Structure formats: C-alpha cells, structure tokens
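Chains, contacts and geometry: an overview
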Amino acid sequence: MRSPPIPARTIQETVLATQGRPGWVHSILILVAAAAAALGGWCWSLQIRYGMGLSGLNRPVAWAVYITNFVFWVGIAHSGTLISAVLFLLRARFRTAIYRVAEAMTVFGVMTAGLFPIIHLGRPWFCYWLFPYPNQRHLWVNFRSPLVWDVFAVSTYFIVSAIFLVVGIVPDAAALRDATRGMRRRFYAAFALGWRGTDEEWRHYSRAYLYFAAFATPLVFSVHSVVSWDFAVSILPGWHSTIFPPYFVAGAIFSGVAMVVTLLVPLRRALHLEDLITTRHLDLASRVVLLTSLMVTYSYAIEWVLALRGPPGLERSILIYRATGDYAPLFWVMAVCNCLIPLALFSRRIRTAPWVLLAVCLLVNVGMWLERFVIIVTSEAHDRIPFDWRTYRPQPVEYGITLGALGWFFFWFLIFV
Amino acid sequence: MPSETGVLGVFADPAGAACAVRALRTAGHDDVRAEAPAPYPELIEALGRPRSRLDGVVLGAAAIGTLAGFALCIGTSIAWPLLTGGKPIASVPPFVIIAFELSVLVGALVNLTALLVLAARARRRRRVPHDERFTADRVGVFVAGGDAARAEAILREAGAEEVRRVP
C-alpha cells in the first residue's frame, strides 16, 4: 500500500539530520574498511615486487579470482544506472527513494572493478598501453579485440555514471547549502555549482537529465554485454556461447539490485530513514531481484539444454565437470544462492521483512561471485587438452586483494553516506 | 549587475504558484519567472517556456562521437595492419562497439558542458530574487516590471503566503 506523501520540509529535515558528524560506529567502520583496503594494497605491492608467481595463476588457468572480481564489481555497478536511467525513462516513481545510493554504489563499484584488469597485469605500470595514443613506434591497439572494447566500455561507463551522480546531486547540494552555515555551507556550495532553482535552470536541467538517461540506458546493457564478450568471443568450451550477453546483463542487474538492498537495509536503520525508504521501496526493489533471478535460472537451464541436446562433446563435458568436478561444491552453492533462495521473494512477507531480505540479498551476492568464479575457472581448468588440466586454488595474495577491494568499495561508500 | 524591480510572491503549494503564473500571463505580464526546489510539471507548463536548445547540440555531439569512433578504429587499423587469416583489416562490426561507446561519451560530455553553460547564462539573464526557502519547500514567483500593484493583487488572490516588492 502506498504511504501518504511526506511534506518537503520533513524530507529536508530528515536528510539534513543524516549530515551531522559521523557516530563512533560509522567511524570504526570507515577505519575497518580503510584497513582492509590497505591490506589489499600491501598484497598487491608484494605481487608487484615478487611477480605473478605469488598468485595461483598458472597455465592453463590464467584468468581467475582477479577477473572474477572484475566481472563481479562491474555487475554490482549495473544497478545504479538501471535504477537512475532505465526506471527514470519508465517513470517508476519508487526509484526516487533509492537512486542516489544506487548511483553512488555504481561509481564506487566501477572504481573497484577498474582496478582488477590492472592488478591482473604482470607489469601494471604499463597499463596505459590499453589506450590508443600516438607513439614513436607507430603501434596501435587492436580494435578487433574484446579486451579493447572492454577498456572503452568500462571507461565510458565510469565517466557517464560519475556525471549522472554529480548532476543529480546539484539541486540537493543547493538545498543543503541554503540550509547550513560556515564550512559545511561552502562544502555544499562547491557541489551546487551556483544552482538556484530558477525555472530556466530546470528547463535545461530536465532536458539534459533526459539525455543522460537516454545515453545511460543502452550503456547499461552494452557494458556487461561487452564484458561477456571477453569470454564469448573466445573458443573455449563453456565460454563460447551466444546467450552470454543477456545472461550476463540479467546477472549484473540481479547482483547489483541485491547489493542496493544489502546496503539500504542497514543504512535506513542507522540514519533513521525508515519513513523515506519504506518497506514498499524494499518490496519493489526485491521484485527486481526476483525477476532477474528467474532470468538467470533460465539462462543456466538453457546452457544445459543446449549442451545435452547437441552431440556429446566438449560443451557437455565442461558442464558435467562444473557440476561434478573439483569445483562442484561451489557450483551447487551458486545454484542454491542464485536459483532457489531468491524464490523466497515470491512471499510478500519476506519482501517486506528488511532483515530477512538482507540475508537473502547477501546470499545472492555470494552466489553471483561464485557464478563468475565457476564460469571463468572451470572452463580454463578443464579445456580441450586433458594433459593440460589443472585445479586452480587461490593464494593468500589473491584473498588479500579480494578483501582489499571490498574494503576499498566500502571505504568510499561510507565516506559518501 | 543591478537588481531588477518587480514583485515576488512566495507559495507553499506549487499548484497555487502555477495558477498565479497563468493569471499573471493572462493579465498581460510578459516576464514572469519562478524558483522552485523541484521541476513541478504544472508550474513549468504554466510558464510556457520553449523546449531547451540542448537537443541539437547533444545529438550533433553524439553523431560526431560515432564518426570519431569509426575514424579512430579504421584509421589506426590501416596505420598498423594486423593481418589475421585473410580477415579484412578494417572490419566494421567490432568497430561499431567503439563507435557506440564514443558516441555516448562525447554526447554525455557535451550534454554536461551545454547544461552548465546554458544554466549559468539563464541564471544571469533571468534572475529571481533568491530566498533559501526556494531550494527547500517553497515556490517563488517573480514578476519583473509591469504594473506592480496589479501583480501584487493577482499573487495574493492565488494564495501567496507572502508578497513583497523588489528591491
């Protein structure tokens, strides 16, 4: 049921109340996140100093936890633009309570994802080679390679998402500027960019916002499609599949919206925003999680149907290996977290019980991280040549860098809130 | 910049502000402006402003981005040919991806620049006496020039909480 509209003054006062000094719990969380990020940085420094041999990467598994993290965090970043742009164009009004958090999550998610292709490089100081630039040897990047498509897609996504977030903040920053004094007023004035709210400003702003949404909407679908082509354009069994783009996009929205709910439930409690971010908003967001879970389940099923209907071969072999081989426990945890547990969201009682919803969404994120790991690692570990098969195990630096990425993301997010 | 003379009405209800704007325009006041915390559709409609000129600029920029994307891919492929299995050097299908990304990137950057320029110019040219309530929960309707007494009467009649002459 829709709750009655809240007066603008009450909304402003509630939001202003969240802008005070951070409490001790908030400060400790920021320190913990910073410590985790520092641990990740230290692990990376070890890897740079002693070489990639410190990681578990070796022939034939050359892509593993780092690329899993890259795909996971790009996926997390998807919900922000989905909620901002796609739901804006569809006039879904429930987005207004949650879109700022989702947009911020997008920007910090891409900032985290963008680290991994660089961490994954043996010589990260040459990462600028990924971009085309005139040089004395007249060399250019190969635009037929999906890895270069990725560079363009992820960079564009980061820039457009950051612009979307900053432009969206302008009128809110102006409201905070006018409601505060001293240093804080100057801080908010910097983000308000002189905004006053005149009808002429709104005239241009509304049009520009529509264009940002129109640009960002195809971008949402293109970025994860391009990420999926990193795999699908190769000829490795388990990767070379035409269903990868829609499958990856659905998975990205699934994990992204689940992450939004994961962040919103504790946030609304900690900042006393229960009247602004109501259980109805959580209910509607969790319906998106349920819908995308069904799409992901359908994609899993289609992979099996295609492999089993065709002649016995590598595709069938790799899928059977996923379900019964070295990584079978991860595969089954993934299937339970992504396909079975979200079915609980058919119950309205669960959709409107914030802490149960939080548990479901946390499990979805565990499942989605495992999904990327299973897809990436099993196909390489069990490729075309049996003598080349090898079981990959992540090493301490990889765990440290993965934890560091989590810390890096939460550090920025906690500073933002 | 010297401040303009006129009458400012403060409204709690955007619908009341929209009624006032309509009445003022019907009464012959040509220069009616507003300041509000959100783009209330009824208020924007009552003011009857033309559509923003962003369209041509942004769509043009996106088209330039598309062409730049193709030019970059085709030009660099010819400058540094990678011959693989008899495939064409300038193979257009994969280049569509780069062209798309650049059209979005250039379009978005030009959209941002055009918004900043147009909004700053609009703020300078069509000022409304600023009140901190106008970014919170009140709508300001400003009538520049014209018959001030008549404008005051119309604003009060439409339900303005407060009406004052500026400066």
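My aim in this report is to walk through the structure given alongside it, one point at a time. (Residues numbered from 1 in each chain as written. Chains lettered and ligands numbered in written order. Predicted model: local features only at pLDDT ≥ 70, side-chain atom pairs only at ≥ 80, totals over all residues. Heavy atoms only, no water.)

1. Examining the overall build of chain A
When its secondary structure is counted, chain A shows 16 helices and zero strands. Rg of the C-alpha trace for chain A: 22 Å, near the compact-globule value of 22 Å for 417 residues, within the 12% margin. Projecting the C-alpha coordinates of chain A onto the three principal axes gives extents of approximately 70 × 60 × 40 Å. Across the 417 residues that make up chain A, the buried fraction comes to 55%. Here the contacts in chain A between residues at least 6 apart in sequence split such that 78% fall between residues at least 24 apart. Side-chain charges of chain A comprise 34 positive and 20 negative groups, with the mean position of each set lying 4 Å from the other. (Helix = DSSP H or I, 4+ residues; strand = E, 2+ residues; numbered from the N terminus. Rg over C-alpha atoms; globule rule 2.2 N^0.38 Å. Buried < 20%, exposed > 50% of the residue type's maximum accessible area, 1.4 Å probe, protein only. Contact = heavy atoms within 4.5 Å. Lys, Arg positive; Asp, Glu negative; His and termini not counted. Charge placed at Lys NZ, Arg CZ, Asp CG, Glu CD.)

2. Considering unusual backbone geometry
Residues and elements named next belong to chain A. Between R59 and the following residue, P60, the backbone shows a cis peptide bond with an omega angle of 0°. Checked against the element boundaries, P60 lands in the loop between α2 (24-50) and α3 (65-76). One non-glycine residue, H138, lies in the positive phi region at around 60°. Of note, the phi angle at L193 is positive, near 50°, even though the residue is not glycine. On the secondary structure map, L193 appears in the loop between α8 (182-192) and α9 (199-232). For L193, a relative accessible area of 46% puts it in the partly exposed group.

3. Details of the interface of chain B and chain A
Listed by partner, the interface residues are 60 residues for chain B and 49 residues for chain A. Counting each side, the surface lost to burial between chain B and chain A is near 4,800 Å², with a carbon and sulfur contribution of 66%. Where chain B touches chain A, the interface holds six salt bridges. Across the contact surface, chain B and chain A share 21 residue pairs in polar contact (both at pLDDT 80 or more). Elements that contribute at least two residues to the side of chain B that touches chain A include exactly β2 (32-35), α2 (41-47), α3 (54-79) and α4 (92-125) of chain B. No other element matches the 21 residues that α4 of chain B contributes to the side of chain B that touches chain A. Among the residues making up the side of chain B that touches chain A, the classes are represented as 38 nonpolar, nine polar and 13 charged. (Buried area = accessible area lost by both parts, 1.4 Å probe. Salt bridge = Lys/Arg side-chain N within 4 Å of Asp/Glu carboxyl O. Polar contact = N/O pair within 3.5 Å; in protein donor to acceptor, adjacent residues only side chain to side chain. Nonpolar A, V, L, I, M, F, W, Y, C, P; charged D, E, K, R; others polar.)

4. Remarks on the sheet that holds β2 of chain B
All names here are of chain B. Taken in spatial order, the four strands make up an open sheet running β2-β3-β1-β4, and their pairing is antiparallel. Taken across any chain shown, the strands that pair with only one partner, and hence form the sheet edges, are β2 and β4 (162-166). Within this sheet the neighbouring strands show an average axis-to-axis angle of 20°, counted without direction. Pairing analysis gives six bridges linking strand β1 (residues 6-11) to strand β3 (residues 139-144), with the strands arranged antiparallel. Across the sheet, G9 pairs through a bridge with V141, a residue of β3. (Pairing = 2+ DSSP bridges. Axes fitted to C-alpha atoms, helices over the stretch in contact; angles between N-to-C directions.)

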